[in-house]
Amino acid sequence: MSLHPIDESLFPVLKPYLSSNSIHRHRRRHVTLTYAQSIDSKIAAGKGLRTHISHEETKTMTHYIRSFHDSLVIGIGTLLADNPSLNCRYGEGNRITPIIIDPTFKSMEIFSKESKVEKYKLVENYLNGSGNKPVIVISDDIEVSDDRFNCDIVRIRRNNGDGKLSWNSILNQCEDQFGLHKFMIEGGAYIINDLLLCPDIVDSLIITIGPVFLGENGVSVSPKTPLSLKDVIWWKGISDSVMCSKLK
Ligand SMILES: NC(=O)c1ccc[n+]([C@@H]2O[C@H](COP(=O)([O-])OP(=O)(O)OC[C@H]3O[C@@H](n4cnc5c(N)ncnc54)[C@H](O)[C@@H]3O)[C@@H](O)[C@H]2O)c1
Ligand SMILES: Nc1nc(=O)c(N)c(NC[C@H](O)[C@H](O)[C@H](O)COP(=O)(O)O)[nH]1
């Protein structure tokens, strides 16, 4: 299916927030955090629900932004709710590696070579050659043998205090193991709320705001503590607005 066209006025707006897409010449790490939200700061109508918020025009923008990255990061909650393709449909031949943060390896059955569950798009695309091999980031206390799975596995030690996986460790390991440097992080809420408070990790923040309220049962984006954004630019499309900014 062809993508809805993007208005050309968006390209210069996005440019300062994207790293050069000649990834072979520029090996410096770049992290873009991006998502679509409602007016009431929700990214889904309810827990585990896939919800359309943005116009087709800004969906195309998402694929355009993906083309500047070599990897696309989501949490296990988003994999289970959305069954996303996590590919790049903008331009030709742009391949991107899906990375799923899944400390307890809930997706073990999904990626198992002997899986009995219906094939997820990520697995299907990898097996039919149209998608890169997914990378699953798990806690290093889970003992599994890598060759049983249709994915690569990255093991990270949990933080002592909160039991989380540190973003620096996740990104460093993905750089070292797979040569990935340009990370586009798309959510969900857990990851976004966490990363909004990590100015040393996130280089650019690009938010699409759709003209809809998702109501009190929606999944909220609201970081634990207040923050003010820097270098802010707004763009207005057919029905959405896009805000590009920096955290520091
Ligand atoms: N509108 C959008 O742009 C958008 C984008 C992505 C997802 N979504 C929606 O968000 C919802 C899912 O959000 P969510 O918060 O439930 O799931 P999520 O995708 O943020 O995954 C959360 C889980 O990931 C793991 N995790 C992530 N980072 C971790 C870390 N640093 N350390 C340890 N564990 C970590 C934990 O197990 C956590 O429970 C879905 O409804 C989906 O449709 C919307
Ligand atoms: N731009 C955008 N508008 C939305 O209304 C919405 N719900 C998402 N959600 C982002 C989330 O990461 C989804 O999982 C991917 O949009 C899946 O998209 P693909 O199947 O990979 O194309 N993104």
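A quick note: this is a predicted structure, and the numbers were derived from the prediction, not measured. (Residues numbered from 1 in each chain as written. Chains lettered and ligands numbered in written order. Predicted model: local features only at pLDDT ≥ 70, side-chain atom pairs only at ≥ 80, totals over all residues. Heavy atoms only, no water.)

### Re the UniProt feature "domain: Bacterial bifunctional deaminase-reductase C-terminal" (unreviewed entry) in the chain
The UniProt entry lists residues 29–237 under the feature "domain: Bacterial bifunctional deaminase-reductase C-terminal" (unreviewed entry), expressed in the numbering used here. Across residues 29–237, helical content stands at 23% and strand content at 25%; the span's end C-alpha atoms are separated by 30 Å. (UniProt positions renumbered as here; feature names shortened; annotations may be inferred. Helix = DSSP H or I, 4+ residues; strand = E, 2+ residues; numbered from the N terminus.)

### What about the nonpolar core?
One finds Leu14, Leu79, Phe105, Phe111 and Ile206 to be the most contacted residues of the largest nonpolar core, which totals 36 residues. At the level of elements, helix H1 (10–14), helix H2 (56–66), strand E3 (71–75), helix H3 (76–82), helix H4 (108–111), helix H5 (121–127), strand E5 (135–139) and strand E11 (241–246) are the ones that each hand at least two residues to this core. Here this core gathers at least three residues from each of two domains, domain 1 (6–70 + 181–248) and domain 2 (92–179). If we skip the residues at most four places from it in the chain, Phe105 touches Ile136, Ile138, Ile142, Val144, Phe149 and Ile153. Counting 33 residues, the second-largest nonpolar core is a separate cluster that includes Ile101, Val137, Ile185 and Ala189. (Core = buried A, V, L, I, M, F, W, Y, C linked by side-chain atoms within 4.5 Å. Buried < 20%, exposed > 50% of the residue type's maximum accessible area, 1.4 Å probe, protein only. Domains from an automatic or database assignment. Contact = heavy atoms within 4.5 Å.)

### Comments concerning H2
Most of H2 sits inside the fold, with 8 of its 11 residues counted as buried. Inspection of H2 places Glu57, Thr58, Thr60, Met61, His63, Tyr64, Ile65 and Arg66 among the buried residues, and these make up the whole buried set.

### Things to note about the environment of Ile207
Relative to the elements of secondary structure, Ile207 occurs in strand E8 (residues 204–209). On the basis of relative accessibility, which here comes to 8%, the residue Ile207 falls in the buried class. It is 14 Å that separates the C-alpha atoms of Ile207 and Asp231, two residues lying 24 residues apart in sequence. If sequence neighbours within four positions are ignored, Ile207 has contacts with Tyr35, Gln37, Ser241, Val242 and Met243.

### Quick look at the pairing of strand E7 (residues 182–187)
Burial of E7 is extensive: 5 of the 6 residues sit out of reach of the surface. In this structure, strand E1 (residues 30–37) lies alongside E7, joined through 4 bridges in parallel fashion. Among the inter-strand pairings, Thr32 is bridged to a residue of E7, identified as Met184. Alignment of E3 against E7, held across 4 bridges, turns out to be parallel. Counted as the bridge partner of Ile74 is Gly187 from E7. (Pairing = 2+ DSSP bridges.)

### Description of the packing of aromatic side chains
To describe a pair of aromatic rings, you give the distance between the ring centres and the angle between the ring planes. In this structure the tally under the stated criterion is 4 aromatic pairs. Seen from their ring centres, Tyr64 and Phe68 are 5.1 Å apart, and the 70° between their planes marks the pair as edge-to-face. On the basis of relative accessibility, which here comes to 13%, the residue Phe68 falls in the buried class. When the ring of Phe105 is compared with that of Phe149, the centres are 5.1 Å apart and the planes differ by 55°; the resulting orientation is tilted. Of this pair, Phe105 sits in the loop between strand E4 (97–101) and H4 while Phe149 sits in the loop between E5 and strand E6 (152–156), and the two are 44 residues apart along the sequence. In terms of burial, Phe105 and Phe149 fall into one category: buried. (Phe/Tyr/Trp six-rings, centres within 6.5 Å; stacked < 30°, edge-to-face > 60°.)

### Examining the pattern of salt bridges
For the structure shown, the criterion picks out 9 salt bridges. Between Lys59 and Glu56 there is a salt bridge whose closest N-O contact spans 3.9 Å. Separated by 3 residues within a single helix, Lys59 and Glu56 lie in helix H2, roughly one turn from each other. For Glu56, a relative accessible area of 42% translates into the label partly exposed. Notably, a salt bridge pairs Asp140 with Arg157, separated by 3.0 Å at the nearest N-O pair. Highlighted residues: Asp140 in the loop between E5 and E6 and Arg157 in the loop between E6 and helix H6 (167–178), separated in sequence by 17 residues. (Salt bridge = Lys/Arg side-chain N within 4 Å of Asp/Glu carboxyl O.)

### Considerations on the site of ligand 2
Of all residues adjacent to ligand 2, which total 17 residues, the nearest are Thr51, Ile53, Ser54, Asp82 and Leu86. Thr51 has a polar backbone atom sitting 2.8 Å from a nitrogen atom of ligand 2. Relative to its unbound accessible surface of 520 Å², ligand 2 loses 88% to contact with the protein. At the level of secondary structure, the elements contributing two or more residues to the shell around ligand 2 comprise H2 and H3. Among the elements that make up the shell around ligand 2, the one with the highest residue count is H2 (4 residues). (Near = heavy atom within 4 Å. Polar contact = N/O pair within 3.5 Å; in protein donor to acceptor, adjacent residues only side chain to side chain. Areas by Shrake-Rupley, 256 points an atom, 1.4 Å probe, with all protein chains shown as cover.)

### A look at the site of ligand 1
With respect to spatial proximity, 25 residues lie near ligand 1, and among them Ala36, Thr78, Asp82, Leu165 and Tyr190 are the closest. The separation between an oxygen atom of ligand 1 and a polar main-chain atom of Gly188 is 2.9 Å. Within the backbone of Ala189, one N or O atom sits 3.2 Å away from an oxygen atom of ligand 1. Isolated, ligand 1 exposes 870 Å² of accessible area, and the fraction of that covered by the protein chains is 86%. Secondary structure elements with two or more residues in the shell around ligand 1: E1, strand E2 (42–44), H3, E7 and helix H7 (189–195). At 5 residues, the largest contribution of residues to the shell around ligand 1 is made by H3.

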